[in-house]
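These are the residues of each chain, in order.
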Amino acid sequence: MTKKSRIIITAVTTAGLLALGGCAAGSGDADSTAASAGSLVYVSYGGAFQDAQAASWQVPFTAETGTEFENTSPSDMAQIKAMVEANQTSWDVVDTNAYFPNQFCDKYFEKLDLSAIDTSQFTEGSVSDCAVPAERFALLLVYNAETYGDNPPTELADFLDTENFPGKRASTREVSTGLLESVLVADGVAPDDLYPLDLDRAFAALDTIRDVTTFAENNGALQQLVTDGQADMALIVSARALTVARDGVPIEPVWGETITTFNSLAVPKGAPNAAEAQKFIAFATQPEQSAAFAEASGTSPANLDAKPTYDDLAEKFNAFADDGRTETTQLDAVWWSENINEVQNRFTTWLAG
């Protein structure tokens, strides 16, 4: 079959198309002091992910400009709000999720000079006035091959089918990276008809697997569940799935319909080195740097002109391969920027019920 990529966009009246997202690694903590002249405070999600960003983006930028970096984590919206409202912003560049920069553009994030960036290199719907995409990833359905043997899951619908595919399920409590979209597609909603999300239907579908599903606190905890064999089937971001597979766990991806999203690079409002931060963002999102990070992290490049070379295992979990293995639907970051509070509150109440 021919690969088909769907990108669903919600119409907006404000300037800019949409917003973007995040996840990554590095050293330091969230109490970092303001960057000195000739340096940038870079904030992401820690671990090997941010280490890969440092190697792929920061090292060559330092070689070219002399600008040094202080890495800290985690990327936290509450911290950004607190710094901006206190007029004490100390972070220069953040890797964040797919909706915050759109939701709070020009309030908690600086508007970018998009004339310095070739935005035609990015997917439609992934650029806003305050952010550009950092990387793309998929929310993959994976299963343990030893559990299911000769009768493995073959489509998203099997995540909800506990009769034919018994076993423990897992996901995270982060609802805005494709969980609800995946559940709705599994329940029979056509990808083109996802937005606005039918929340009643989504939660009704989750009700059917609630007793056999663990909702991990974060991606790291979910990764551990899958690694330890505490989940027979999971909805997990592609880079984490690849890490599990590299650890020797016999997981397999399920292709068909796949929900994808992206992280964003943005500059917090009042960043002490905002001009240099924007130069770094323009540099990091160029094809060569995008490809290098994709190869190092197992994500897919945000820059469509980037041509990463993956090893065999990374290619196995690549939702953006051009071999027709899957049809992808990109998460609508504008819809999420307008509805995240309502949906997150409802999900939290549902978990506690």
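Source: prediction; values computed, not measured.

The rules behind these values
- Residues numbered from 1 in each chain as written.
- Predicted model: local features only at pLDDT ≥ 70, side-chain atom pairs only at ≥ 80, totals over all residues.
- Heavy atoms only, no water.
- Helix = DSSP H or I, 4+ residues; strand = E, 2+ residues; numbered from the N terminus.
- Buried < 20%, exposed > 50% of the residue type's maximum accessible area, 1.4 Å probe, protein only.
- Contact = heavy atoms within 4.5 Å.
- Areas by Shrake-Rupley, 256 points an atom, 1.4 Å probe, with all protein chains shown as cover.
- Expected span 1.5 Å × (residues − 1).
- Bend = angle between axes of the 7 residues up to and from the residue.
- Core = buried A, V, L, I, M, F, W, Y, C linked by side-chain atoms within 4.5 Å.

(A) Region of interest: the overall build of the protein. A tally of regular secondary structure across the protein gives twelve helices and eleven strands. Looking at the protein as a whole, 57% of its 353 residues qualify as buried. By sequence separation, contacts in the protein at least 24 residues apart represent 76% of the contacts at least 6 residues apart. Total accessible area on the protein is roughly 14100 Å²; 45% of this is exposed by carbon and sulfur atoms.

(B) View of helix α1 (residues 47–65). The end-to-end C-alpha separation of α1 is 25 Å, in line with the 27 Å expected for 19 residues at 1.5 Å each. The largest bend along α1 measures about 35 degrees and falls at Gln 58, with the proline Pro 60 one to four residues further on. Of the residues flanking the end of α1, it is Gly 66, one or two places downstream, whose phi is positive at about 85 degrees.

(C) Focus on the nonpolar core. Of all hydrophobic cores here, the largest spans 58 residues; its most connected members are Phe 109, Leu 180, Leu 197, Leu 206 and Trp 336. Elements that contribute at least two residues to this core include exactly β2 (39–43), α2 (77–85), β5 (131–144), α5 (179–186), α6 (199–207), β8 (233–237), β9 (251–266) and α12 (333–352). Per-element tally for this core: the top contributor is α12, with seven residues. When sequence neighbours within four positions are dropped, the list of residues in contact with Phe 109 reads Met 77, Ile 80, Val 94, Phe 100, Pro 101, Phe 104, Cys 130, Ala 266, Val 267, Pro 268 and Lys 269. Counting 26 residues, the second-largest nonpolar core is a separate cluster that includes Tyr 42, Phe 61, Val 127 and Ile 281.

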